[in-house]
Amino acid sequence: MGEIRNFRSGNDEPPSHGPMPRRLAAIIVGDIASYSRLMQADEEGTHVRVKRIERDLIQPSIVEHNGSLVKTTGDGFIAIFDSPVEAVRCSIVIQQNLIGRNASLPKDTRIEYRIGVNLGDVIVEPDDVYGDGVNIATRIEGIAEPGQVFISGAIYEQIKHKVVCGYESLGDRKVKNITDPVRVYKVLPDADAVGRTRGRRENTLIFLLGITLSVIAAGVLWYLLAQTPGRVSEQATGPTASPTASPTASPAASPSPQPPSREAAPQTPQPSPSSASSSPSPAPAPSQSASHSAIPAREPEMVAIRGGSFAMGSNDDLTERPVHQVTVKPFSIGKYPVTVQEWNECAAVKACGFTAIGKDDAPVSNVSWTDAQQYAAYLAQATKKTYRLPSEAEWEYAARGGTQTKYWWGDKLQPGMAGCKDCGDLAAEQPAKVGSFRPNPFGLHDMGGGIDQWVEDCWHKTYQGAPGDGSAWSSGDCSAHVLRSGSWKNDSRYVRPSNRDGYDTNVRYPTHGFRVALSP
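For the structure given in this document, a descriptive report is provided here. All values derive from a computational prediction rather than experimental measurement.

Rules used in this analysis
- Along each chain, the written sequence defines residue order, and numbers are assigned to residues from 1.
- Owing to the predicted nature of the model, reporting of local features is limited to residues with pLDDT of at least 70; listing and counting of side-chain atom pairs is limited to 80 or more, with chain, interface and lining totals taken over all residues.
- Note: side-chain values were computed over all heavy atoms of the structure, leaving out hydrogens and water.
- Here a helix means four or more residues in a row that DSSP labels H or I, a strand means two or more in a row labelled E, and each is numbered from the N terminus.
- A simple rule labels every residue: compare its accessible area, found with a 1.4 Å probe on the protein chains alone, to the largest value its type can have, and call it buried under 20%, exposed over 50%, or partly exposed in between.
- Contacts are assigned to residue pairs with any non-hydrogen atoms lying within 4.5 Å of each other.
- The protein chains shown are the only cover counted for residues, whose accessible areas, like all others here, come from Shrake-Rupley with a 1.4 Å probe.
- Cysteine sulfur pairs qualify as disulfides if the two atoms are within 2.5 Å.
- Any helix carries an expected span of 1.5 Å times its number of residues minus one.
- Under the rule applied, a polar contact is a pair of N or O atoms within 3.5 Å (in protein, one hydrogen donor and one hydrogen acceptor; residues adjacent in sequence only if both atoms are side-chain atoms).
- With a 1 Å grid spanning the protein atoms alone, the term cavity applies to any set of points in which a 1.4 Å probe fits but cannot get out, the term pocket to an open set with protein on both sides within 12 Å along at least five of seven lines, and the term lining residue to any residue with an atom within 4 Å of a point.
- Grid points are joined across faces, edges and corners, and a volume is the space filled by probe spheres set on the points.
- Amino acid classes used here: Ala, Val, Leu, Ile, Met, Phe, Trp, Tyr, Cys and Pro are nonpolar; Asp, Glu, Lys and Arg are charged; the rest, including Gly, are polar.
- Note on geometry: axes are lines fitted to C-alpha atoms, helical ones only across the stretch in contact, with angles between N-to-C directions running from 0 to 180 degrees.
- Between 65 and 115 degrees an angle is taken as roughly perpendicular, under 35 as roughly parallel, over 145 as roughly antiparallel, and anywhere else as oblique.
- In this scheme the handedness of a crossing depends on how the near helix is turned from the far one: anticlockwise by less than a right angle means left-handed, clockwise means right-handed.
- For two strands to be treated as a pair, DSSP must find no fewer than two bridges joining them.

1. A look at the overall build of the protein
Inference 1: Across its full length, the protein holds 14 helices and 18 strands.
Inference 2: Per-residue burial over the protein gives 45% buried out of 520 residues.
Inference 3: Taking as baseline every contact in the protein between residues at least 6 positions apart, the subset at least 24 positions apart corresponds to 72%.
Inference 4: Accessible area of the protein: about 25,700 Å², with a carbon and sulfur share of 54%.

2. A look at the state of the cysteines
As used in these notes, a disulfide is a covalent bond between sulfur atoms, one from each of two cysteines.
Inference 1: Under the counting rule described, the total for this entry stands at three disulfides.
Inference 2: Disulfide partner of Cys420: Cys423, at an S-S distance of 1.7 Å. Classification of the bridge connecting Cys420 and Cys423 rests on its S-S torsion, roughly 90 degrees, and on that basis the disulfide is right-handed. The exposure classification of Cys420 matches that of Cys423, with both residues buried.

3. A few points about helix α3 (residues 84-102)
Inference 1: Compared with an ideal rise of 1.5 Å per residue, which puts 19 residues at 27 Å, α3 spans 27 Å between its outermost C-alpha atoms and is within 8% of the ideal.
Inference 2: Summarising burial for α3: 16 of the 19 residues are buried, a large majority.
Inference 3: With a side-chain oxygen lying 3.2 Å from the backbone nitrogen of Val85, the N-terminal cap of α3 falls on Ser83.

4. Description of the layout of surface pockets
Inference 1: In this structure, the largest pocket encloses a volume near 1,400 Å³.
Inference 2: Lining the largest pocket we find 46 residues, and of these Pro60, Glu64, Asp501, Gly502 and Tyr503 sit closest to its centre.
Inference 3: Sorting the residues of the lining of the largest pocket by element identifies α2 (43-64), α3, β15 (480-484) and β16 (501-504) as the ones contributing at least two each.
Inference 4: A class-by-class count of the residues in the lining of the largest pocket yields 16 nonpolar, twelve polar and 18 charged.

5. Side note on the packing of α2 against α3
Inference 1: Orientation of α2 relative to α3, taken along the N-to-C sense of each, is 155 degrees, at an axis distance of 9 Å. The orientation of α2 relative to α3 falls into the category roughly antiparallel. Judged by the twist between their axes, the crossing of α2 over α3 is right-handed. Across from Ile53, Asp56, Leu57, Ile58, Ser61 and Ile62 in α2, the residues of α3 making contact are Cys90, Val93, Ile94, Asn97, Leu98 and Arg101.
Inference 2: For the contact of α2 with α3, a count of residues per class yields eight nonpolar, two polar and two charged.

6. A look at the sheet that holds strand β13 (residues 387-388)
Inference 1: The strand order across the open sheet formed by four strands is β9-β12-β18-β13, and the pairing between neighbours is antiparallel. Sheet topology places β9 (302-305) and β13 at the edges, where each strand pairs with a single neighbour.
Inference 2: Where β9 meets strand β12 (residues 331-334), four bridges bridge the pair, whose relative direction is antiparallel. Bridge assignment links Val303 to a residue of β12, and that residue is Ile333.
Inference 3: Contacting β9, β12 and β13, helix α14 (residues 392-400) runs over the sheet at an angle of about 75 degrees to β12.

7. With respect to the pairing of strand β14 (residues 452-458)
Inference 1: With respect to burial, β14 is a largely interior element, six of its seven residues being buried.
Inference 2: Pairing analysis gives three bridges linking β14 to strand β17 (residues 512-514), with the strands arranged parallel. Its bridge partner being in β17, Asp452 is matched across the sheet by His512.
Inference 3: Pairing analysis gives three bridges linking β14 to β15, with the strands arranged antiparallel. Directly across from Cys458, in β15, lies its bridge partner His481.

8. Points about the pairing of strand β3 (residues 76-81)
Inference 1: Burial within β3 is extensive, with six of its six residues counted as buried.
Inference 2: Taking every second residue as pointing to the same face, both faces of β3 are buried, with Gly76, Ile78 and Ile80 on one and Phe77, Ala79 and Phe81 on the other.
Inference 3: The pairing of strand β2 (residues 67-72) with β3 spans five bridges and is antiparallel. When the bridges of β3 are listed, Ser68 appears paired with Ile80.
Inference 4: The antiparallel pairing of β2 with β3 creates a hairpin that spans three residues between the two strands, and Gly74 there sits at a positive phi of about 85 degrees.

This is how it looks when you write it as structure tokens:
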């Protein structure tokens, strides 16, 4: 891996006369849509904005996902990765971050990238890469829509069960200068993307089923009408329409309720079947919405934390310095991270922005800081209690559980104590269900590993100037907020109670979740 990390290092050395090294790599090619128009409208301003995006977003995202930036091309970039999973995750992060950055801008001034990702054999040089693998990634980028990530079939086969997102097959595409057609997929990064694509397929099947049943009903009706007229004339004059109407109504009515029942099933919370059955039939829609508002919110299990003072931070990393004394007031914090079931109850009443996928007892993931705030606001409104995100100081105080060691259980890593990449047997491709690991001395589970957890504070690169009263640090640039805990995809360094990271406020990421706090 070391030979690909710094392509621009060693440029002063004489060129090698031996064969160029080849390797298999995941290649990202990004290009700005309508770059010429943007430059024509504001050449200097566009150049400055593009360079800022490269410096603040693209380069850090590539490094964070263990990739290497090969080169920038003025209106684009090329990067390579050892891991197809990390390449696609990096692409999603870049695109979702740009959505947040562009939200307040007029549409004709937005900088939007098209991104193509391919897995292929490449020739590696000190400042460039070559080969069909790169060419295919470039062609895929060329057919991608602005703001979207398109991937090749080779990438899809590597990541289809490993990245929390959906995929839409665009079929085989013939691309320039490539002999064989390339299968292309569109990445759908939202957590409910899979449900939407599945819903489209189900709607189509339901529509076809409805047509089929209608044809059958018409056939039955025709058959009954074509039977011996004498049998009809034997009936009394009043009910003569009855045999005709009865078979017509029965088969024809059967397809019509099916689409609502199939559509509503995944979006309705557990209490809805009983409320649906008890709601009056003349006005089902208003009664259902009323029943949603009447359903009390499921409150997370909370643990009361006594106030106290502790030394916050460590000397293990620059972002954790300086170590400083903090006094925390009494508060309560969730015993577990917020689960998929708890989140989906919020989504069911339209208070949270998407329906999460996964098992009910798994921690909800792919959540932005803004999403977490929506859930806390929903819980506070439904219960009339002061639910919120914990401050960074509260989180670390609770995570330490009254200890000052590297981990809450001691200074050495012990297998089976937390969910992380090198923490033991329970590490996996998905986070374990909440409470799978031992609680810390305060009775809290998953306060290290499992799922990254948002806190209230804005991101600052160090603790210089941080408040000492345990309150959230809400001043400064709040385009990014603090994440704690580390996740099942990180190594054990991230499990330390003092570890901290910052991430863009409005961007979702598959390893990000949260837990709530409660003021007395």
